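Observations on the model geometry
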Amino acid sequence: MEHIENDEKFAGLNVNSGVAQQPSVNPYLRQMKRAKRRLYSAEEYAGGILAGNISMLSQAVTLIESNLHEHQEIAQKVIELCLPHSGKSVRIGITGVPGSGKSTSIDSFGLHVINGGHKLAVLAIDPSSERSKGSILGDKTRMERLSQRREAFIRPSPSAGSLGGVARKTRETIILCEAAGFDTIFVETVGVGQSETAVHSMVDFFLLIQLAGTGDELQGIKRGIMEMADGIVINKADGNNIEKCKLAQAHFRNALHLFPPTPSGWTPQVLTYSGYYDIGIDEVWKMIEDYMAFTKRNGYFEHRRHEQSKYWLTETIEEQLRAHFYQNPEIAALLAEKERAVLNAEESPFTAAQVILDKYFGKQP
């Protein structure tokens, strides 16, 4: 289109035609052939994991997190092959309110573990967006020192909409990490909520990180979470905040006395520390070691592991049943029909549900 400004009657004006509109997609994109990652057999994955190959471990964890049926079949075979070589680690769940310094603390705790001659795997559960289903997966950037160590394996995983933000496949990932030679496992949750119940069912020690000076400390945490905690630590006990942390420590200790005795017989401790300045890290880790020794002596350690295995057996059955039920085409059609009947007050929800279940179990045509 010619510019009217270039007409001779507009003296002194000249408008260039400009540059043609460039395509929004790289024209060379089709020429670039992306190398497709090879899918190994279950035996090859398991062999690489047992040999300590981190690349194989990462790829196997990706298969576990995949929803593709082909990937799930291989992943389950890999888990079965690695299962006899698992169970020899110390599993620690770490939770706390947002901003309590979980990632910074894990960085400090992790270095302490590695410097003690251990290998550490950190499974950081990142919340997924309810809209886009995406996750930032940025926990590794806040573990700057730990991410540089070869003895550490840090794996951020999206919660993918599972209960309370806990990744559905975290327990299977723990098995692979143990088979790869990692003798200490950290499971970091997204924050205080329902996710802690799931994490508590897969770890040996449950650590709760709290802050001082944020108002009424006893209102900042739910009673159920405190009852699950095997140890409570108050972060950022440095500088002018030390006295506030000591006061919060006294409040939490008094609150714990009101709770019934723990099943393990262990009395949860309340400690203060600073994850940023690495103050009090030795005391926190000694508390965890004392707990492990205590529960192994009285047999609670093995009892808890057995209870966790039974819990995940029933959880998996319920999950598979739920998926099979809602993916059944006949049930989906009947469910839509009964929903309309319930909304129109033609049938009660209980009667409609019974009809649907009878249809699913084959009790009626």
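Conventions we followed
Here the residue numbers are simple positions, counted from 1 along each chain's written sequence. With the structure being a predicted model, the display of local features is reserved for residues of pLDDT at least 70 and the display and counting of side-chain atom pairs for 80 or more, all residues being used for whole-chain, interface and lining totals. Working from all heavy atoms in the structure, the side-chain values ignore hydrogens and water. Helix numbers and strand numbers start at the N terminus; a helix is a DSSP run of H or I with at least 4 residues, a strand a run of E with at least 2. To sort residues, take the accessible area from a 1.4 Å probe on protein chains only and compare it with the maximum for the residue type: under 20% means buried, over 50% means exposed, and anything in between is partly exposed. The contact criterion used throughout is that any non-hydrogen atoms of two residues lie within 4.5 Å. Side-chain atoms within 4.5 Å are what join buried Ala, Val, Leu, Ile, Met, Phe, Trp, Tyr and Cys residues into a set we call a nonpolar core. pLDDT is a per-residue confidence score from the predictor, ranging from 0 to 100. Aromatic pairs are defined between Phe, Tyr and Trp rings, using the six-membered ring for Trp, whenever the two ring centres lie within 6.5 Å; interplanar angles under 30 degrees are classed as stacked, those over 60 as edge-to-face, and all others as tilted. Charge-over-ring contacts are defined here by two conditions on Lys NZ or Arg CZ: a distance within 6 Å of the ring centre and an angle within 35 degrees of the ring normal. In this analysis, the expected span of each helix is defined as 1.5 Å times one less than the number of residues it contains. Each C-beta atom gives one direction from the helix axis, and the arc is the one those directions make. Orientation is described by lines fitted to C-alpha atoms, with helices fitted over the stretch in contact, and by angles between N-to-C directions that extend from 0 to 180 degrees. Roughly parallel here means an angle under 35 degrees, roughly antiparallel means over 145, roughly perpendicular means 65 to 115, and every remaining angle is called oblique. Left-handed describes a crossing whose near helix is turned anticlockwise from the far helix through less than a right angle; right-handed describes the clockwise counterpart. Residue polarity follows a fixed list, in which Ala, Val, Leu, Ile, Met, Phe, Trp, Tyr, Cys and Pro are nonpolar, Asp, Glu, Lys and Arg are charged, and the others, Gly among them, are polar. By salt bridge we mean one thing: a side-chain nitrogen of Lys or Arg within 4 Å of a carboxyl oxygen of Asp or Glu. Patch definition: residues above 30% relative accessible area lacking any salt bridge, with like charges linked at up to 9 Å and the nonpolar side chains Val, Leu, Ile, Met, Phe, Trp and Tyr linked at up to 5 Å. Where accessible areas are quoted, they stem from the Shrake-Rupley method and a 1.4 Å probe; at the residue level, only the protein chains shown are allowed to cover.

For the protein, the helix and strand inventory stands at 12 helices and 7 strands. Out of the 365 residues in the protein, the part that is buried amounts to 43%. Excluding contacts between residues fewer than 6 apart, the proportion of contacts in the protein whose partners are at least 24 apart in sequence is 73%.

Time to look at the nonpolar core. Formed by 48 residues in total, the largest nonpolar core has its most connected members in I49, L57 and L176. Here the element with the most residues in this core is helix α2 (residues 54–65); it accounts for 6 residues. Discounting chain neighbours no more than four positions away, the residues touching L57 are I49, F153, L176, C177, A180 and F182. Listed in part, the 30 residues of the second largest apolar core include A152, I154, V233 and W266.

The next point concerns the confidence of the model for the protein. Predicted confidence across the protein gives a mean pLDDT of 84, with 79% of residues reaching 70 or more. Note that pLDDT drops below 50 for residues 128–138; the model gives that stretch 19 contacts with residues more than four away or on any other chain.

With that settled, consider the packing of aromatic side chains. Under the defined criterion, the tally for this structure stands at 12 aromatic pairs. Seen in terms of ring centroids, Y276 and Y277 are 4.9 Å apart; in terms of plane orientation they differ by 80 degrees. Their pairing is edge-to-face. For Y276, a relative accessible area of 64% translates into the label exposed. Relative accessible area serves as the criterion here: at 52%, Y277 is assigned to the exposed category. Relative to Y360, the ring of F325 has its centre 5.0 Å away and its plane inclined at 70 degrees; by these criteria the two rings are edge-to-face. Separated by 35 residues along the polypeptide, F325 in helix α10 (residues 300–326) and Y360 in helix α12 (residues 349–360) bring together distant segments of the chain. Since its relative accessible area comes to 13%, F325 is described here as buried. Here a set of aromatic residues connected by ring pairs shows up, and it is made of F205, W266, Y291 and F294. Across the ring face of F182, the terminal group of K119 is positioned such that the distance to the ring centre comes to 4.6 Å.

Before going further, it helps to spend a moment on helix α3 (residues 69–82). Turn by turn, an α-helix covers 3.6 residues, leaving residues three or four places apart pointing in a common direction. The end-to-end C-alpha distance of α3 is 20 Å, a good match for the 20 Å that 14 residues give at a rise of 1.5 Å each. Along α3, the residues classified as buried are H71, Q72, I74, A75, V78, I79 and C82. Within α3, the buried residues cover an arc of 165 degrees as seen down the axis, which keeps them to one side. The exposed set on the far side of α3, more than 90 degrees from its buried face, consists of H69 and E80. Among the structural elements, α1 (42–50), α2 and α5 (170–179) are those in contact with the buried residues of α3.

Turning next to the packing of α2 against α5. At a minimum axis distance of 10 Å, the contact between α2 and α5 shows a crossing angle of 160 degrees. One element, α2, and the other, α5, form an angle in the roughly antiparallel class. For α2 against α5, the interelement crossing comes out right-handed. Taken together, the residues of α5 that come into contact with α2 (itself represented by L57, A60, V61 and I64) are E172, T173, L176 and C177. The residue inventory of the contact of α2 with α5, partitioned by class, reads 6 nonpolar, 1 polar and 1 charged.

If charged atoms from side chains of opposite charge come close, those side chains can pair. Applying the stated criterion across every chain, the model contains 10 salt bridges. Between R145 and D107 there is a salt bridge, with its nearest N and O atoms 3.1 Å apart. One end of the pair, R145, is in the loop between β2 (120–126) and β3 (152–158); the other, D107, is in helix α4 (residues 102–115), and 38 residues separate them in sequence. In this structure D107 comes out as buried when scored by relative accessible area, which is 6%. Its salt-bridge partner being R145, residue D278 comes within 3.0 Å of it at the nearest N-O pair. Placement of the pair is D278 in the loop between β7 (269–272) and α9 (281–298) and R145 in the loop between β2 and β3, with a sequence separation of 133 residues. You can call D278 partly exposed: its relative accessible area is 38%. One continuous salt-bridge network, built from bridges that share partners, spans D107, R145 and D278.

Where α1 is concerned, the buried positions are A42, Y45, A46, G48 and I49. An end-on view of α1 places all buried positions within 165 degrees of arc, on one side of the element. Where α1 is buried, its residues meet α2, α3 and α5. Within two residues after α1, G52 carries a phi angle of roughly 85 degrees, on the positive side.

A few words on a nonpolar patch on the surface. Taken together, Y276, Y277 and I279 make up a surface patch of nonpolar side chains, about 390 Å² in accessible area. Position of Y277 among the secondary structure elements: in the loop between β7 and α9.

A separate point is the packing of helix α11 (residues 329–343) against α12. At a closest axis distance of 10 Å, the pairing of α11 and α12 adopts a crossing angle of 165 degrees. In terms of orientation, α11 lies roughly antiparallel with respect to α12. Of the two elements, α11 crosses α12, and the hand of that crossing is right-handed. Contacts between α11 and α12 involve E330, I331, L334, L335, K338 and V342 from the former and P349, A352, V355, I356, K359 and Y360 from the latter. In the contact of α11 with α12, the residues fall into 9 nonpolar, no polar and 3 charged.

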